[in-house]
Each structure stands twice: as structure tokens, then as C-alpha cells.
Amino acid sequence: MTTTATIDDPASQGAADAPAGPGRARAWQPNATYATRPAGAGGASRLERFIEAMITMGQTGQVFGEHGIGKTSTFLSFIPERFPGTEVVLVPAANLTPDDLLVNAPVREDSSGELALAQLIMRQLSPGRPFVLLIDDSLQAGDTIQAQLMQIACDWTLGEHDLRELGCVGVFLADNESLAETSARRTDLAVLDRMVTLRVNANDTAWRHTLAQRYPEWNLREVFRLWASLSPELRGRLSPRTLEHVLDCAREGFPLAWGLPLVNGVRLALTESGTDRRPGRDRTQEILDRIAAALGVANPDTVADPVRRVLRAAIRNRWAVLLQGPPGCGKTEITKQVVREEIGRDPVYFSLPVTNVEDLCVPVPTPDGTLDTLLTRSLLGDEPKVLVWDEYNRPKDKATFAKLMEVTQEWSLAGRPIFNLRAQVALQNPPYHLGRKLLVSSNNIAQASRFTVSYEVRPEDIPANEWLIASYGEVAETALEWWKNDIDDEAREWITKRTLERLIKLHLADQPLHLGLIYLGDGEYAPVPLSKLEARLADHRVIGLAEIAREVDSWEARLATASEVSTEGTDDTDAVHQVFANAEVSQLERHADVVVRLLRHLPPKLRATYLVGQTPEKQKFWVDALKRMAGR
């Protein structure tokens, strides 16, 4: 609901010791982009000058600008710095419910002792010191909230409360006029006549200086020149906020495209509108490659073990990240596993389809006559926390999702910062899977661009195979051999690891396997033939690593003969290579001696493939195996 920033915030450190005044130079640290203080870095930007003027005049200010250009962050950093001791009370209007700002409650009169109705105002609007009220995204608020906000904007009052008497020294509304984010417009001249309005763009905020300070090791001048050379449409898509996420990905060695948001489940493309409103040329790869070249870093297509690396980077850097993947691929379980490994405790978990606003927070009257908020106990305490929002695009209702947006945007809930929140992870399904539309909600670019990394999870990104083997042993190995070798890519999309586990359980319970396939209705199941799986489970005489290990002498002789016949090997060579390539790390380690014996008989080009695009655990095994082979 609200967020408060004061001079004590880490982002504002260094300003408290400086004297107040319009000419005061802002704290500056030399960096690779600006070795000396650049022109304008010590003075105020256009938006900052407007903020100062409105506070001095005691006038309501209305600011319009595109998403992601630094409007809100400018308020949060500049006001405590320019006016020491003054708080910024941030109210994300899109997240408000009618009882958040003001509620009628029974109170006992001191004079008569009788109960009477009184209007209780949210505690953040009575902080006991000067404050500036910033109403963010005010046009996205509902009709009831709009009436409350307009009373604040016009008269600096709320209900029976005069905000000036409570310490308010400024009121601002910040919005994006894009119809993609809001369909509302202020048309009442009685309201419009109360405000001073400024329209800003990216050149009116100090985002370049902020990024230069955030990445002191990089000279970003060429990146800034590239950004400025883009068309207005492309600059809108690659907003300063999104550019920051791209740079964060570059710093971690991730593909830079992972910093581009997923809007309605689809990666944002850096394209310009062509003729007849058709999409123009896609310049995404070109622009991202030029950014990488300007930074002197690589822009890889992918990285090994991507899901775990993204999760660990999120916890290390205090990021909010989004993982989008098909149902049943293991997103939730691997997220919980990595969080336990990194912080030593389970994540704070919410499944959005069954989460109400009251599950997160509840407003309650307080003895001092204000309106406070109780948070769910899982968000309290000093211990490190990682929030997991499962089924992120399947919220139970709009009110819950609106409340959730405050957490993902401001890292606070009902104006209360969540202490020691290390990361946020949103998990969701794509809008379409296997040609079928899933029942998920839509988003806009402003909402989507709140995530530092947005990654599209593939089933092979998650090591669910190892868990299946550890849980179900040889039966799981047999089922995985079928999944890897006996069905095509389309069938593998139908057989998620969740479905595969059901098939294993049905086999162990001596039940028909087809019952475990996804049921499509009218007697139809997922179109996946199971005859080869049934044959494998009935007869374990299949070629797997365990079978090769039982007959290692025979296989070594056959491979030796194959290497003499051809430098490319024979069918026996291909069979062993396929088994090695498909084996899980636990299987390889269990039969490590066998692998080393046979490895030297495989062609060098096949051995080299075991080191490419593998997880760190698999790469380590193969490096050790090759060393042992060379020492034999």
C-alpha cells in the first residue's frame, strides 16, 4: 500500500551530512563512465527542479511519463537528499483497496466514554515528521479509490483529516498516459484546475548517472550513445529500467535477452512498427550484441544449468525473477531446493489461485487512532526470506494481484518493508502449451518489466531425472531410457516429469499405464504410444549403462574392434555413446570405472561432446573421467 523512504535509507546515504540548499552538490563517486563529475550530475534534473518547486509552492504536482524512466526512483532519492528529515510516503494506487487509506471504526470518546464512529487514517500518513505523499500510478486505481485520491490531490485532505496538520509538505501524482496501462483519464476541469502538470521523458531524469554509479567497472558511454541512436519506439521498449536488467544479465554472464520482459508470455522484441501497422525488422539480437560489444562481454545463447544459476543470482543480488515453463516441468520443486541450499530454510510460498488479500495482510485499528496493518507471520522476523509466487499469472482475484504488485515493485507490503527479503521468484505457465490455451491472465509491459530476469524454462533445464532415479531406482532408469530414446519430441512434451512419475507409480501398483496420461475428455488421452515403455518394463533386456556394466568385457572388445574398422566407429560405438550422453550423473558415478575403460575406445570428437553444454556436475565428472583415461 505504501512505502516510506527517509534520509536513513541506504540509497540516500551520504546526503545527510551535506547542507541543504539549491546549490548543494550531490555526492559523486568517480567511475569508468565518468572519471570526473559530468556536467549536470551535481545539479538537479528537470524532474527534480519541478519537485523542489512544487514543495516550495505548496502546490499539487502531476507528472506524466513512460514506464521505466526513473520517475518514482527520482522522488525516492531526491526528496530525502534535498530536504533532510523529510519522508517520502509512496502509495502505489493500483494496489489500493477502499479500506487501505481510510476506514470508519468505533472509538470511545475521552470526554463522555461513549462509542462513536471515527475515520481512522493509515498510519503512514501520520508519521510524526514532515512527509511528501507520492501517489504512483493513480490512474490505475478503482473508482472508489479515485474519489479518495482526488480529495487528497485537490485539498490535501482525506476524510476528516487535514494532511498538512499531519506533516504533509507536498503531494504528487505520477502516471503513464499509455492506454496499454490504463484506460482512465482525468476530465473533470474542477480537478484538473488544482494541479501543476509536467510531462517528462528519459532525458528529464538522471538515469544515466545512476547506471554509471551502479556499474562503476564499465564505461557505459557507448551504451548510452547506442540507446540515444534508437528510434523513440525502440527506446520505449528498451526503457532505462529494462536496460538496467540487460546490464545485470551481462554482469552475471547470462544471455542479455533474459533481461527483456515476457509480456503476455512472449519475449519482448526490439522491433519498430512497419508499414500497415505490421511488425518491422526484429533488431533484438543486433542491439543486444552491440551492447555486449560495448561492455566487452559475451552475449551467449544460453548457459549451463540455467534455472539454478538464475535462482542463485537472484538470491545473491536481491533480484525479482520470473520463471515461465510448461506444467509439470519441475519449476516449483527446483526453486524450493535451491532456496533451501542458499539460505538454509524453506521459501515463503504462496500459490496465487488460493491466496486472498487477507492471507497477506489485514488493516486493523490501533490505540493511537490510526490504521495499521497486520502482516502474515511468514513475512515477519529477522531470518532471511525468499518469496515464491507460484502460478503467478493465475491470481484468485484482481485485488490479490494488485496487492502482490506492491511487493514485486516496492519490496514492501501495506507500506511495511519486508525485513531481510533476499529475492522474489515468480513461477508461471505460458499462455499456450501443446497447441492449447491455458487459463492464465495477461499483463502489460510496466508490470512485466519489474523482473530482472525473465527466463523461459525448458524441461531439460531441470534435473528431475536424478530425483526420479533416487526415488524409484531401476524402474525410473528404464522409464527414462524410454523417454529419451523411444518417443519423438512432440510426445516428450506431453510426458512431463510429473506424468512420468505417475507412469512409474502405476507400473509399481500393477495398474494400466495409459491411466497416467493427461486426460483430454470424451475418452481421449494424450497421444503418446506406451507399447515400447510396457515392453521395456516387462523385459529389462535393454541397452543401458547398467546392462553395459554387466557385460563390460564384451563391450570393450566390440568397441576396440570398431575403432580398428573405422575412425568413426560402428553401430556399437553409437550405442555406447548414446548411453553415455543420456546417462545421469548418479548413473555415471555408479559405473565410473566402466565408463573410463570404454571411453578410450570412442572417437575423440564424440568424447568432446560430453563437455559441451553440460551442467557443472556433469562437466566435472567427464573432466575427471578423461584424466583417468589419459593416465591408464
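All values reported here derive from a predicted model rather than from experimental measurement.

## A few points about the packing of helix α6 (residues 207–214) against helix α9 (residues 240–252)
- One can describe the packing of α6 onto α9 by two numbers: an axis separation of 11 Å at closest approach and a directional angle of 15 degrees. It follows that α6 is roughly parallel to α9 by the angle criterion. Helix-helix and strand crossings are classified by hand; for α6 and α9 the assignment is right-handed. Only P240, L243, E244, L247, D248 and R251 of α9 make contact with α6, whose side of the interface consists of W207, L211 and R214.
- Partitioned by chemical class, the residues of the contact of α6 with α9 number 5 nonpolar, no polar and 4 charged.

## Some thoughts on the environment of W207
- Take W207: it is sitting in helix α6.
- Along the backbone, W207 and W483 are 276 residues apart, and their C-alpha atoms lie at a distance of 50 Å.
- Residues in contact with W207, not counting those within four places in the same chain, are I69, A202, F224, W227, P240 and L243.

## A short note on unusual backbone geometry
- Even without glycine at this site, R318 takes up a positive phi of about 60 degrees.
- Here R318 is to be found in the loop between α11 (306–317) and β15 (320–324).
- Notably, D510 is not glycine yet its phi reads approximately 60 degrees, a positive angle.
- Structurally, the position occupied by D510 is in the loop between α18 (497–508) and β26 (519–521).
- On the basis of relative accessibility, which here comes to 68%, the residue D510 falls in the exposed class.

## Here we look at the pattern of salt bridges
- The tally for this structure, following the rule as stated, stands at 35 salt bridges.
- Between E217 and R251 there is a salt bridge, with the nearest N and O atoms lying 3.0 Å from each other. Here E217 is found in the loop between α6 and α7 (221–229), whereas its partner R251 is found in helix α9, with 34 residues between them in sequence.
- The residue R628 makes a salt bridge to D593 at a minimum N-O spacing of 2.6 Å. Of the two residues, R628 sits in helix α26 (residues 616–631) while D593 sits in helix α24 (residues 592–599), which places them 35 residues apart along the sequence.
- Each of R281, R283, E286 and R290 takes part in salt bridges that share partners, so that together they form one network.

## Things to note about the pairing of strand β5 (residues 115–122)
- The sheet contact formed by strand β4 (residues 102–108) and β5 spans 7 bridges and is antiparallel. Paired with L102 across the bridge in β5 is I121.
- Counting the residues in the hairpin turn of β4 and β5 gives 6 residues, including G113, whose phi is positive at 80 degrees.
- Looking at chain direction, β5 and strand β18 (residues 370–375) are connected through 2 bridges and run parallel. Across the sheet, the residue bridging to M122 is L371, located in β18.

## Notes on α7
- Listing the buried residues of α7 in full gives V223, F224, L226 and W227. In a view along the axis of α7, the buried residues occupy a sector of 160 degrees, so they form one face of it. For α7, the exposed residues set more than 90 degrees away from the buried face come down to R225 and S229.
- Its buried side turned inward, α7 meets α6, α8 (232–237), α9 and α10 (284–295).

What counts and how
Residues numbered from 1 in each chain as written. Predicted model: local features only at pLDDT ≥ 70, side-chain atom pairs only at ≥ 80, totals over all residues. Heavy atoms only, no water. Axes fitted to C-alpha atoms, helices over the stretch in contact; angles between N-to-C directions. Helix = DSSP H or I, 4+ residues; strand = E, 2+ residues; numbered from the N terminus. Parallel < 35°, antiparallel > 145°, perpendicular 65-115°, else oblique. Left-handed = near helix turned anticlockwise from the far one by under 90°. Contact = heavy atoms within 4.5 Å. Nonpolar A, V, L, I, M, F, W, Y, C, P; charged D, E, K, R; others polar. Buried < 20%, exposed > 50% of the residue type's maximum accessible area, 1.4 Å probe, protein only. Salt bridge = Lys/Arg side-chain N within 4 Å of Asp/Glu carboxyl O. Pairing = 2+ DSSP bridges. Arc of directions from axis to C-beta.

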